[in-house]
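The lines below spell out each chain.
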Amino acid sequence: MKWGMSFSCLALGASLGFLAANPALADDSGAMNTPDSVERSAFGTLPDGRRVDLYRIVNGNGVEMEVTNYGGIITSLKTPDAQGRLDDIVLGFGSLDGYLSDAYRQSNPYFGALIGRYGNRIAGGTFELNGKTYDLAKNDGPNHLHGGDKGFNRVLWNATPFENDSGSGLMLTYTSADGEEGYPGKLDVEVTYTLTDNNELAIDYKATTTRATPVNLTQHSYFNLGGEGSGDILDHQVMINADEFTPINETLIPTGEIKSVKGTPFDFTKATAIGERINDDNQQLVRARGYDHNFVIDRASATDDTLVLAARVSDPESGRVMEVATTEPGIQFYSGNFLDGTLTGKGGNAYGHRSGLALETQHYPDSPNQADFPSTILKPGDTYQSRTVYTFSTE
Ligand code: GLA
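Residues numbered from 1 in each chain as written. Predicted model: local features only at pLDDT ≥ 70, side-chain atom pairs only at ≥ 80, totals over all residues. Heavy atoms only, no water.

1. Focus on the pairing of strand β13 (residues 187–195)
Line of reasoning, step 1. Most of β13 sits out of view: seven of its nine residues are buried.
Line of reasoning, step 2. Bridge count for strand β12 (residues 167–176) against β13 is nine bridges, and the pairing is antiparallel. Across the sheet, the residue bridging to Leu170 is Tyr193, located in β13.
Line of reasoning, step 3. The pairing of β13 with strand β14 (residues 200–209) spans nine bridges and is antiparallel. Across the sheet, residue Thr194 finds its bridge partner in β14, namely Ala202. (Buried < 20%, exposed > 50% of the residue type's maximum accessible area, 1.4 Å probe, protein only. Helix = DSSP H or I, 4+ residues; strand = E, 2+ residues; numbered from the N terminus. Pairing = 2+ DSSP bridges.)

2. Quick word on the nonpolar core
Line of reasoning, step 1. Counting 58 residues, the largest nonpolar core has Phe295 and Phe333 as its most contacted members.
Line of reasoning, step 2. Here this core takes five residues from β13, the largest share from any one element.
Line of reasoning, step 3. Other than its neighbours up to four places away in sequence, Phe295 contacts Ile240, Ala242, Glu244, Phe245, Val261, Phe266, Phe268, Pro329, Gly330, Ile331 and Phe333.
Line of reasoning, step 4. In terms of nonpolar packing, the next biggest core, distinct from the first, is built from 23 residues, Ile73, Leu96, Ala113 and Leu156 among them. (Core = buried A, V, L, I, M, F, W, Y, C linked by side-chain atoms within 4.5 Å. Contact = heavy atoms within 4.5 Å.)

3. Some points on the site of the ligand
Line of reasoning, step 1. Inspection of the region around the ligand gives 13 residues, with Arg121, His146, His220, Asp292 and Glu360 positioned closest.
Line of reasoning, step 2. Taking His146, its side chain carries an N or O atom lying 2.9 Å from an oxygen atom of the ligand.
Line of reasoning, step 3. At 3.4 Å from an oxygen atom of the ligand is found a side-chain nitrogen or oxygen belonging to Gln332.
Line of reasoning, step 4. Expressed as a share of its isolated accessible area of 300 Å², the protein-covered part of the ligand is 97%.
Line of reasoning, step 5. When grouped by side-chain class, the residues that make up the shell around the ligand number six nonpolar, four polar and three charged. (Near = heavy atom within 4 Å. Polar contact = N/O pair within 3.5 Å; in protein donor to acceptor, adjacent residues only side chain to side chain. Areas by Shrake-Rupley, 256 points an atom, 1.4 Å probe, with all protein chains shown as cover. Nonpolar A, V, L, I, M, F, W, Y, C, P; charged D, E, K, R; others polar.)

4. Some thoughts on the packing of aromatic side chains
Line of reasoning, step 1. All chains considered together, the criterion is met by 26 aromatic pairs.
Line of reasoning, step 2. Aromatic side chains Tyr291 and Phe333 sit 5.1 Å apart centroid to centroid with 25° between the ring planes, which places their arrangement in the stacked category. Here the residue Tyr291 occupies a position in the loop between α5 (283–288) and β21 (292–296), and Phe333 occupies one in strand β24 (residues 330–334), the gap between them amounting to 42 residues. For the pair formed by Tyr291 and Phe333, the shared burial category is buried.
Line of reasoning, step 3. Positioned over the ring face of Phe268 is Arg277, at 4.8 Å from the centre of the ring. (Phe/Tyr/Trp six-rings, centres within 6.5 Å; stacked < 30°, edge-to-face > 60°. Lys NZ or Arg CZ within 6 Å of the ring centre and 35° of its normal.)

5. Side note on unusual backbone geometry
Line of reasoning, step 1. With an omega of 0°, the peptide bond running from Gly116 to Arg117 counts as cis.
Line of reasoning, step 2. Mapped onto the fold, Arg117 is located in the loop between β6 (113–115) and β7 (121–122).
Line of reasoning, step 3. Phi at Asn108 is positive, roughly 45°, even though this residue is not glycine.
Line of reasoning, step 4. Relative to the helices and strands, Asn108 resides in the loop between α4 (102–107) and β6.
Line of reasoning, step 5. With a relative accessible area of 26%, Asn108 lands in the partly exposed category.
Line of reasoning, step 6. With a phi close to 60°, Tyr110 is a non-glycine residue in the positive phi region.
Line of reasoning, step 7. Summarising the element assignment, Tyr110 is placed in the loop between α4 and β6.

6. Describing the pairing of strand β23 (residues 320–326)
Line of reasoning, step 1. With six of its seven residues buried, β23 lies for the most part within the structure.
Line of reasoning, step 2. Examined bridge by bridge, strand β22 (residues 308–314) and β23 share six bridges and lie antiparallel to one another. Bridged to Leu309 within β23 is Ala325.
Line of reasoning, step 3. From the end of β22 to the start of β23, which pair antiparallel, there are five residues, and Gly319 there has a positive phi angle of about 80°.
Line of reasoning, step 4. Pairing geometry for β23 and strand β27 (residues 384–394), over seven bridges, is antiparallel. Its bridge partner being in β27, Ala325 is matched across the sheet by Val389.

7. Points about the confidence of the model for the chain
Line of reasoning, step 1. A residue-level look at the chain finds 92% of positions with pLDDT of 70 or above and a mean pLDDT of 92.
Line of reasoning, step 2. With pLDDT under 50 throughout, residues 1–32 is counted as low confidence; its partners more than four residues away or in other chains account for 31 contacts. (pLDDT = per-residue confidence, 0-100.)

8. A word on the sheet that holds strand β25 (residues 358–362)
Line of reasoning, step 1. Taken in spatial order, the five strands of this open sheet run β19-β18-β21-β24-β25, and their pairing is antiparallel. With one partner strand each, in any of the chains shown, β19 (259–260) and β25 form the two edges of the open sheet.
Line of reasoning, step 2. Relative to β19, strand β18 (residues 244–246) runs antiparallel, the two sharing two bridges. Looking at the pairing, Phe245 lines up with Lys259 of β19.

And the structure:
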């Protein structure tokens, strides 16, 4: 039915584009101004009574994604396999309760969520900026992880659906108060998910601040190209466009060294099955219980921030392929090592060890404490801008 309706709505295209460019005109009921390629439904209610929505976005090829304004979480992403069969290739839950449950919060895998204000770890939960020491939550052993106790993955975002020349999607905005989770400055954040007819999911991040603050935004989807709940990802082939990575200490903080991947299990410059070397007797793999490392994306120069291919994943079984391009200098390859089967996903299957992988585009972990890493400090008057594009195809 949605397909037929898209045509009858073509005439509305211009006005929808206008509304997307003028979100203030979009009303809260969503009924009037939601473009036909985006459908809104109820996803649940937060303990404080606020309603949470789910947005279903479809493109012209049958690819569809579902996003909730709680944490900006991508709850579902259906793409065709080589035979044209649609499967949901991201881990997650079918209702808000799944993301609010005690079991989920205890294991805290950040399924599909937007991550901020600082994606990845900050050593000792502390950093110094302009002569002042800032203390953050230590929510990952001795370290700060993914924005703290209540990171951007657990807040309610304002959502505005849109349809424009490149596709349709959802614009999410959130204002992080000065001092929230210990970070300085009021941060205005805007994240746009666009699903295109070329089977791309583009994610655009923007932020401005009132005081200098570290910012490192990312997206934490777990992919299983064989379909969520279908087993582990060890047969997936991964290529990472990186000659170097940042080795970690016992608590997964970068040592500061930028190390060549040559001759190590971290050499993914040629596509290699994840499982091929993951259990090697390698100190870095042992420390992280698998892959959980930042790779330094190959670039023309240290200041190059053009959109480049960072990684490519393929699943020989389903024929699905995913490419990740980004403007960021790094990408965290996490092989789902902390998943242990205690969570059961939307399809009724337990999410076991390494049943999904994350490729988080980012600045390097712990940059606020590592003077030699590219800076993550956003200053007032400047705009943080970052773009990551996931492209889905088959072979
Ligand atoms: C990131 C981290 C991992 C882990 C996951 C969530 O990928 O690098 O160590 O914390 O998030 O479980």
